[in-house]
There are 2 protein chains.
Amino acid sequence: MSNLVSKEIRLKARPVGMPKASDFELASKPVVQPGAGDVLVRNIWMSVDPYMRGRMMDRESYVPPFQIGEALQGGALGQVVESKSDKLKVGDFVQSMWGWREYETNKAETFQKIDPSLGPLQAYLGALGMPGMTAYAGLIKVGELKDGNTVFVSAASGAVGQIVCQLAKAHGCYVVGSAGSDDKCAWLLKQGVDKVINYKTCGDLNAAVGAAFPKGIDVYFDNVGGSHLEAAINHMKPFGRLALCGMIEQYNDTAPRPGPSNLIMAVGKSLKLQGFIVSNHLDILPAFYQEMGALIKAGKMKWQETIEDGIENAPKAFLNLFTGGNTGKMLVKIGPDKAV
Amino acid sequence: MSNLVSKEIRLKARPVGMPKASDFELASKPVVQPGAGDVLVRNIWMSVDPYMRGRMMDRESYVPPFQIGEALQGGALGQVVESKSDKLKVGDFVQSMWGWREYETNKAETFQKIDPSLGPLQAYLGALGMPGMTAYAGLIKVGELKDGNTVFVSAASGAVGQIVCQLAKAHGCYVVGSAGSDDKCAWLLKQGVDKVINYKTCGDLNAAVGAAFPKGIDVYFDNVGGSHLEAAINHMKPFGRLALCGMIEQYNDTAPRPGPSNLIMAVGKSLKLQGFIVSNHLDILPAFYQEMGALIKAGKMKWQETIEDGIENAPKAFLNLFTGGNTGKMLVKIGPDKAV
């Protein structure tokens with residue numbers, strides 16, 4: 001395979017405000033032959049996620065920033081096509097953080113073997129992967145969910161939100177989701193979500209949240225920050241928990257945006273606002289695989305995905321995250337389902 | 001005692017913005033004779049506390065609002081002068097929420113007997129009372145304090161803050177306190193606080209907090225909100241805890257004030273911001289009395305208090321809370337130490 005060429009997407013410029021196509025560039029380079037302990041993997045699927053926006057900035061954070069001129073990274077699923085390691089063999093399906101490229105040659109330890117019989121392969125980038133674990137950790141652990149709680153979910157039809165909604169329903173909760181289109185709202189209702197708010201057409205968001213929760217909110221799963229967070233704080237019950245998962249509404253801000261003006265209510269209502277990153281909650285993995293696996297098997301966990309075809313369309317897929325151009329998990333199909 | 005008259009302070013008008021003397025009125029009424037099960041108590045000390053500002057507004061909260069034309073309420077210490085109850089006898093020292101008045105006749109159950117040998121009587125309105133319990137619940141339970149943590153305390157020389165600082169020092173922590181005068185700062189240093197910030201003269205508060213915490217903050221005990229909260233969020237360590245006790249900086253705002261513009265950092269740093277009210281944490285009482293009692297006995301818990309004399313000066317004492325006119329616990333001496 002010495003003549004193989006791998007196409008990849010590199011960061012060309014650090015985005016200022018909303019990222020644009022010209023911040024990325026498509027490039028090619030020869031595939032590196034695996035050395036001792038290495039495997040060569042051909043990617044089949046890759047993920048684009050909102051958190052990647054943060055890594056495009058040159059700042060200290062929980063993950064190091066992407067470097068200009070280098071291939072981006074992110075969740076990917078592929079198949080081993082050459083192996084110089086006894087840990088993985090040709091044909092094994094693996095997940096890794098070597099997304100944004102067609103091929104990767106690296107130590108076998110940087111790939112994790114997966115069982116393709118549990119569900120469609122790309123579920124490992126969704127319900128069975130990072131978005132699923134994020135939903136689970138945020139709702140059950142950070143949100144301290146109790147059966148029968150009232151739950152508010154923003155970006156409810158997104159990769160994480162759609163799983164949060166169904167997990168909460170599986171726990172007998174009253175669930176209200178907000179989303180940015182009537183189609184997304186209709187899909188949520190079909191999955192059993194009790195009420196939906198189209199935040200683009202509802203008018204006064206705070207009033208809409210109040211109307212949907214006459215008795216208040218026990219758990220708010222925050223994917224967007226901003227006005228959603230402020231509305232949630234207004235309507236939280238005493239001792240409510242707010243799981244802060246992401247604030248996509250302000251990822252592209254170029255100047256600081258004022259926080260919720262009603263944070264003072266956290267004192268009187270004894271609210272807990274807690275940010276979290278899924279990688280710090282890997283102790284949940286056994287419970288997560290058990291519960292999520294059972295829900296998928298029972299047909300109680302559905303998901304939507306939006307697929308872009310070809311590595312060259314990965315930047316477009318990423319940009320769609322910030323314009324509501326995706327429904328559910330945003331994926332890029334890089335290669336055929338079977339690489340060997 | 002049928003001719004006794006009790007002076008009391010009534011709410012005359014709901015304050016708009018900063019409260020003023022004319023929002024209060026001094027009035028007198030005849031002392032009510034105790035009926036069966038009642039006691040008549042003469043107050044010796046009363047407390048003024050920032051939380052009372054909230055009760056002066058007509059809004060739903062965790063305590064009902066004060067009513068116009070009626071005596072205010074709040075923590076008080078007194079002595080039983082007549083008893084028609086077998087629960088309390090003449091001469092017993094008691095604490096109650098019947099402050100802002102010289103005498104109160106009410107059910108014996110609305111008073112709690114205290115042991116005057118544990119410390120000066122007014123300590124039951126300070127280190128051994130609500131402020132002490134607030135400090136303890138916020139720091140140990142909500143703040144999940146671990147020995148050796150780095151701790152930032154705002155309003156550090158206030159009734160609660162001064163106790164938080166010394167509690168944290170007793171747990172081997174590195175403690176930085178902010179206060180609004182050099183005298184207050186000097187007192188804190190004398191009690192063993194490691195560094196102090198005079199927020200009125202330090203210039204850039206955020207830079208001052210950063211300089212005081214080169215390795216970041218584990219626990220922030222927030223008494224003021226606003227710019228202090230924002231600075232703390234900037235410098236919290238990953239997994240830091242922010243105990244939200246009060247936001248006195250904005251109690252008198254007439255319009256909502258934007259919240260911290262950096263709340264998004266709570267996600268990346270996995271921060272927990274938790275509001276609390278001491279009355280929801282009464283499970284700490286046994287541990288609190290044990291630890292606080294031992295610290296007082298060992299001379300490791302000092303406090304400052306500012307005393308106004310006479311019920312007629314209670315409004316002035318209250319107003320001082322918002323102008324920094326008090327140092328430590330603000331108290332009003334209503335009557336002689338021994339009422340009978």
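Residues numbered from 1 in each chain as written. Chains lettered and ligands numbered in written order. Predicted model: local features only at pLDDT ≥ 70, side-chain atom pairs only at ≥ 80, totals over all residues.

Thoughts on the overall build of chain A
- For chain A, the count of helices and strands is nine helices and 15 strands.
- Projected onto the principal axes, the alpha-carbon positions of chain A cover approximately 65 × 45 × 35 Å.
- Residue burial in chain A is summarised as follows: out of 340 residues, 52% are buried.
- Summarising the internal contacts of chain A: among those between residues at least 6 apart in sequence, 66% fall at separations of at least 24. (Helix = DSSP H or I, 4+ residues; strand = E, 2+ residues; numbered from the N terminus. Buried ≥ 20, exposed ≤ 12 C-beta atoms within 10 Å, placed from the backbone. Contact = placed C-beta atoms within 7 Å.)

Topic: the packing of helix 2 (residues 130-142) of chain A against helix 3 (residues 161-170) of chain A
Residues and elements named next belong to chain A.
- Relative orientation of the contacting elements helix 2 and helix 3 amounts to 50°, with a least axis distance of 9 Å. Here helix 2 lies oblique to helix 3, going by the angle between them. Here helix 2 and helix 3 pass one another in a crossing that is right-handed. For the pair formed by helix 2 and helix 3, the contact residues are Pro131, Gly132, Ala135, Tyr136 and Leu139 on the first element and Ile163, Val164, Leu167 and Ala168 on the second.
- Of the residues belonging to the contact of helix 2 with helix 3, the class tally is eight nonpolar, one polar and no charged. (Axes fitted to C-alpha atoms, helices over the stretch in contact; angles between N-to-C directions. Parallel < 35°, antiparallel > 145°, perpendicular 65-115°, else oblique. Left-handed = near helix turned anticlockwise from the far one by under 90°. Nonpolar A, V, L, I, M, F, W, Y, C, P; charged D, E, K, R; others polar.)

Some thoughts on the environment of Ala317(B)
Residues and elements named next belong to chain B.
- Here Ala317 is to be found in helix 9 (residues 314-320).
- With 132 residues separating them in the primary sequence, Ala317 and Cys185 have C-alpha atoms 21 Å apart.
- The residues contacting Ala317, other than those within four sequence positions of it, are Val48, Glu308, Met330 and Val332.

Points about the domain arrangement of chain A
Residues and elements named next belong to chain A.
- Each assigned domain of chain A is listed with its residue range as follows: domain 1 (5-126 + 304-333) and domain 2 (130-297).
- Its C-alpha centre places domain 1 at a distance of 27 Å from the equivalent point of domain 2.
- Each side of the interface is counted separately: domain 1 has 19 residues, and domain 2 has 17 residues.
- Elements with a minimum of two residues in the side of domain 1 that touches domain 2: helix 1 (51-55) and strand 15 (329-333).
- Ranked by the residues each element gives to the side of domain 1 that touches domain 2, the list is headed by helix 1, at three residues.
- Partitioned by chemical class, the residues of the side of domain 1 that touches domain 2 number eight nonpolar, nine polar and two charged. (Domains from an automatic or database assignment.)

Quick word on the relation of the copies chain A and chain B
- For the pair chain A and chain B, the relating rotation is 180°, the translation along its axis is 0.0 Å, and the fit reaches an RMSD of 0.0 Å. The superposition operator between the copies reduces to a two-fold rotation axis. Closest approach to the rotation axis among the C-alpha atoms of chain A is made by Gly259(A), whose C-alpha sits 2.0 Å away.
- Residue by residue, 100% of the interface of chain A is reproduced at the interface of chain B, so both copies engage with the same surface. (Least-squares fit on C-alpha atoms with pLDDT ≥ 70 in both.)

Description of the interface of chain A and chain B
- Across the contact, 30 residues belong to chain A and 30 residues belong to chain B.
- Those elements giving two or more residues to the side of chain A that touches chain B turn out to be helix 7 (265-268) and strand 13 (272-275) of chain A.
- A per-element tally of the side of chain A that touches chain B places strand 13 of chain A first, with four residues.
- Counted by class, the side of chain A that touches chain B contains 15 nonpolar, twelve polar and three charged residues.
- Both strand 13 of chain A and strand 13 (residues 272-275) of chain B contribute to a ladder of three bridges, which runs antiparallel. Of the residues in strand 13 of chain B, the one forming a bridge with Lys272(A) is Gln274(B). (Pairing = 2+ DSSP bridges.)

A few points about helix 3 (residues 161-170) of chain B
Residues and elements named next belong to chain B.
- In terms of burial, helix 3 is largely enclosed, as eight of its ten residues are buried.
- Inspection of helix 3 places Gly161, Gln162, Ile163, Val164, Cys165, Gln166, Leu167 and Ala168 among the buried residues, and these make up the whole buried set.
- Those residues of helix 3 that are buried are in contact with helix 2 (130-142), strand 8 (150-153), strand 9 (174-179), helix 4 (182-190) and strand 11 (217-222).
- Gly172 sits one or two residues past helix 3 and shows a positive phi near 70°.

Focus: the packing of helix 5 (residues 205-212) of chain B against helix 6 (residues 226-235) of chain B
All names here are of chain B.
- As a packed pair, helix 5 and helix 6 sit with axes 9 Å apart at the nearest point and diverge in direction by 40°. Classified by the angle between their axes, helix 5 and helix 6 sit oblique to one another. Handedness of the helix 5/helix 6 crossing: right-handed. Here helix 5 contributes Leu205, Asn206, Val209 and Gly210 to the contact with helix 6, which in turn contributes Ser227, His228, Ala231, Ala232, Asn234 and His235.
- Here the contact of helix 5 with helix 6 is composed, by residue class, of four nonpolar, six polar and no charged.

A closer look at helix 6 (residues 226-235) of chain A
All names here are of chain A.
- For helix 6, the buried fraction is high: eight of the ten residues fall into the buried class.
- For helix 6, the full list of buried residues reads Gly226, His228, Leu229, Glu230, Ala231, Ala232, Ile233 and His235.
- In the core, the buried residues of helix 6 are packed alongside strand 8 (150-153), strand 9 (174-179), helix 5 (205-212), strand 11 (217-222), strand 12 (236-244) and helix 7.

Comments concerning the sheet that holds strand 8 of chain B
- Spatial strand order, 10(A)-9(A)-8(A)-11(A)-12(A)-13(A)-13(B)-12(B)-11(B)-8(B)-9(B)-10(B): twelve strands in an open sheet with mixed pairing. At either end of the open sheet lies a strand with only one pairing partner, and these are strand 10 (195-198) of chain A together with strand 10 (195-198) of chain B. Neighbour-to-neighbour, the strand axes of this sheet turn through a mean angle of 15°, independent of strand direction.
- Of the strand pairs in this sheet, strand 8 of chain B and strand 11 of chain B are connected by three bridges, and their pairing is parallel. If you follow Phe152(B) over to strand 11 of chain B, its bridge partner there is Tyr220(B).
- Here helix 6 of chain A sits on the sheet in contact with strand 8, strand 9, strand 11 and strand 12 of chain A, set at roughly 170° to strand 11 of chain A.

A few points about the pairing of strand 9 of chain A
All names here are of chain A.
- Counting buried positions over the six residues of strand 9 gives five, a clear majority of the element.
- Across four bridges, the pairing between strand 9 and strand 10 is parallel. Within strand 10, the residue paired with Gly177 across the bridge is Val196.
- A crossover connection joins strand 9 to the parallel strand 10 through helix 4 (residues 182-190); in handedness this β-α-β unit is right-handed. (Right-handed = clockwise from strand over helix to strand, strands pointing away.)

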